[in-house]
Amino acid sequence: MTVDLRSDTVTQPTEAMREAMARAPVGDDVFGEDPTIRELEELAAQRLGKAAGLFVPSGTMANLVAVLTHTQRGDAAIVEADSHTYNYESGGMAAVAGVMPHPIAGLRGYLTPEQIRGAIHPADPHYAPARLVCLENTHNRQGGVPFGPDEMDAVCEAAHELGLSVHVDGARIFNAAVALSVPAAALVRTADSVMFCVSKGLSAPVGSVLLGSEEFIGRARRFRKMVGGGMRQAGVIAAAGIVALRTMVDRLAEDHANARRLADGIASIPGLYVRPDLVRTNIAYFEVRPPLSVSDFLSRLHGDGVLALQTGPETVRAVTHRHVSAQDIDRAVASMRRAVTVMAAS
């Protein structure tokens with residue numbers, strides 16, 4: 001049996017999800033007639049404390065639609081330099097929305113109010129006017145770090161004082177909420193929009209939900225159609241998202257415990273480096289130090305039935321999810337120890 005630590009996107013739907021998908025009442029969502037999609041959007045809005053929601057096929061599309069809705073072509077958007085919107089969305093912000101990203105290196109992924117204020121150019125025709133700040137919570141490339149309500153409020157308030165809107169890439173916002181023991185709504189209460197994925201740790205097969213005011217979602221619906229996200233009888237997949245929100249959030253704590261168990265195990269292996277104290281949700285980054293080779297290391301793990309993801313010349317990412325048990329973690333750590341021992345001896 002493979003221990004797949006590449007991502008929480010590999011999760012399979014639960015039996016309850018499959019049953020819900022099979023029985024979901026559906027309609028044409030472009031006409032606003034799919035009752036299951038409406039139920040998911042309303043439930044998501046309630047959980048995140050927003051007025052309205054919009055079901056879209058992916059998190060990348062949700063972020064793109066948010067940028068399109070908040071901005072005009074030629075505007076600038078302030079983004080954290082390691083953020084998903086800047087690094088992993090095929091340049092859609094620039095190529096499709098016509099918006100120039102203004103990347104700023106945050107503090108472990110967090111953009112401070114002072115950094116936001118310092119990023120604003122004076123009114124001058126030479127500069128693209130900043131209209132939007134994009135935040136990420138949890139922050140993927142910074143090891144799944146969660147940011148709390150006060151941190152999020154501080155950035156949002158600074159942005160609003162400057163006349164900027166704030167969008168939160170909350171692909172794993174429920175991981176942040178569980179890790180911090182706060183309602184997810186508290187993390188985005190002052191943000192203008194937020195999206196989250198049902199297809200990662202929540203285990204639904206497809207989809208994300210974009211949330212904001214009624215007016216914002218009304219405009220976003222048009223942009224969803226523009227970029228090809230207008231689906232028809234998509235309640236078949238939205239049904240799994242409803243089950244995910246109702247049944248899969250609290251269990252994320254198990255994934256967090258397993259990620260820390262993994263980090264503690266890796267820390268005991270000479271040649272590998274990790275900071276267990278920084279592993280707070282379901283993502284653990286670690287280094288394979290020279291003269292050991294990352295590609296050789298991962299190849300040996302693969303041959304042992306353990307999968308992880310190379311993210312840099314010396315960096316590996318491991319993500320826990322509901323298909324990875326504590327026993328699987330112990331098996332993965334043992335495999336890593338064997339791989340390092342063999343590599344060091346060769």
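All of these numbers come straight from a predicted model, not from anything done at the bench. (Residues numbered from 1 in each chain as written. Predicted model: local features only at pLDDT ≥ 70, side-chain atom pairs only at ≥ 80, totals over all residues. Heavy atoms only, no water.)

Colleague: Honestly, the overall build of the protein in this entry has me stumped. Any pointers?
Modeller: In terms of helices and strands, the protein carries 14 helices and 13 strands. Taken over the C-alpha trace, the protein has a radius of gyration of 21 Å; the compact-globule value for 346 residues is 20 Å, and the two agree within 12%. Based on the C-alpha atoms only, the size of the protein along its principal axes is roughly 60 × 55 × 35 Å. Buried residues in the protein amount to 55% of all 346 residues. Excluding contacts between residues fewer than 6 apart, the proportion of contacts in the protein whose partners are at least 24 apart in sequence is 76%. (Helix = DSSP H or I, 4+ residues; strand = E, 2+ residues; numbered from the N terminus. Rg over C-alpha atoms; globule rule 2.2 N^0.38 Å. Buried < 20%, exposed > 50% of the residue type's maximum accessible area, 1.4 Å probe, protein only. Contact = heavy atoms within 4.5 Å.)

Colleague: What am I meant to see in the sheet that holds strand S12 (residues 309-310) here?
Modeller: Strand pairing in a sheet is mediated by backbone hydrogen bonds. Such pairs are either parallel or antiparallel. One open sheet accounts for four strands, arranged S9-S10-S13-S12; its pairing is antiparallel. Each having just a single partner strand, strand S9 (272-273) and S12 make up the two edges of the open sheet. (Pairing = 2+ DSSP bridges.)

Colleague: So what exactly am I meant to see when it comes to unusual backbone geometry here?
Modeller: Note: most peptide bonds trans; most residues except glycine with negative phi. Following Asn137, the chain continues into Thr138 via a peptide bond in cis, with omega recorded as 0°. Mapped onto the fold, Thr138 is located in the loop between strand S5 (130-136) and helix H7 (149-161). Pro290 connects to Pro291 through a cis peptide bond whose omega is 10°. The phi dihedral of Ser90 is positive, around 55°, even though this residue is not glycine. Judged by relative accessible area, Ser90 falls into the exposed class, the value being 77%.

Colleague: I would appreciate a short explanation of the pairing of strand S13 (residues 315-319) in the present structure.
Modeller: It is a general feature of regular strands that their side chains alternate between the two faces of the sheet. Most of S13 is tucked away, with four of its five residues classed as buried. Strand direction decides the pairing type here: strand S10 (residues 283-288) and S13, joined by five bridges, are antiparallel. Of the residues in S13, the one forming a bridge with Tyr285 is Arg317. Across two bridges, the pairing between S12 and S13 is antiparallel. Bridge pairing links Gln310 to Val316 in S13. In sequence, S12 turns back onto S13 through a hairpin of four residues.

Colleague: In this structure, what is going on with the side chain of Glu89? I would like to understand it.
Modeller: Structurally, the position occupied by Glu89 is in the loop between helix H4 (84-87) and helix H5 (92-95). Lacking a salt bridge, the buried Glu89 has Lys200 as its closest oppositely charged neighbour, with an N-O distance of 8.0 Å. Looking at Glu89, its side chain comes within polar contact range of the side chain of Asn63, at 2.8 Å. Leave out the neighbours within four places in its chain, and Glu89 touches Thr60, Asn63, His84 and Asp169. (Lys, Arg positive; Asp, Glu negative; His and termini not counted. Salt bridge = Lys/Arg side-chain N within 4 Å of Asp/Glu carboxyl O. Polar contact = N/O pair within 3.5 Å; in protein donor to acceptor, adjacent residues only side chain to side chain.)

Colleague: Mind showing me how you'd approach the packing of aromatic side chains here?
Modeller: Two aromatic rings, taken as a pair, are described by how far apart their centres are and by the angle between their planes. Considering all chains together, one arrives at three aromatic pairs under this definition. For the pair Phe174 and Phe196, a centre-to-centre distance of 5.2 Å together with 90° between the ring planes defines the contact as edge-to-face. Of the two residues, Phe174 sits in helix H8 (residues 173-180) while Phe196 sits in strand S7 (residues 193-197), which places them 22 residues apart along the sequence. Relative to Phe297, the ring of Phe286 has its centre 6.1 Å away and its plane inclined at 80°; by these criteria the two rings are edge-to-face. Linking Phe286 in strand S10 with Phe297 in helix H13 (residues 294-303), this pair joins segments that are eleven residues apart in sequence. With respect to class, Phe286 is no different from Phe297; both count as buried. Sitting over the face of the ring of Phe223, Arg222 holds its NZ or CZ atom 5.4 Å from the ring centroid. (Phe/Tyr/Trp six-rings, centres within 6.5 Å; stacked < 30°, edge-to-face > 60°. Lys NZ or Arg CZ within 6 Å of the ring centre and 35° of its normal.)

Colleague: Would you explain the pattern of salt bridges in this entry?
Modeller: Close approach of charged atoms allows side chains with opposite charge to pair. Summed over the entire model, instances satisfying the criterion amount to 21 salt bridges. Of the charged contacts, one joins Arg219 and Glu215 as a salt bridge, the two residues approaching to 3.4 Å between their closest N and O atoms. Here Arg219 pairs with Glu215, and both are found in helix H10 (residues 214-226), just four residues apart, close to one helical turn. What makes Glu215 exposed here is its relative accessible area of 60%. Each of Asp150, Asp153 and Arg189 takes part in one network of salt bridges that share partners.

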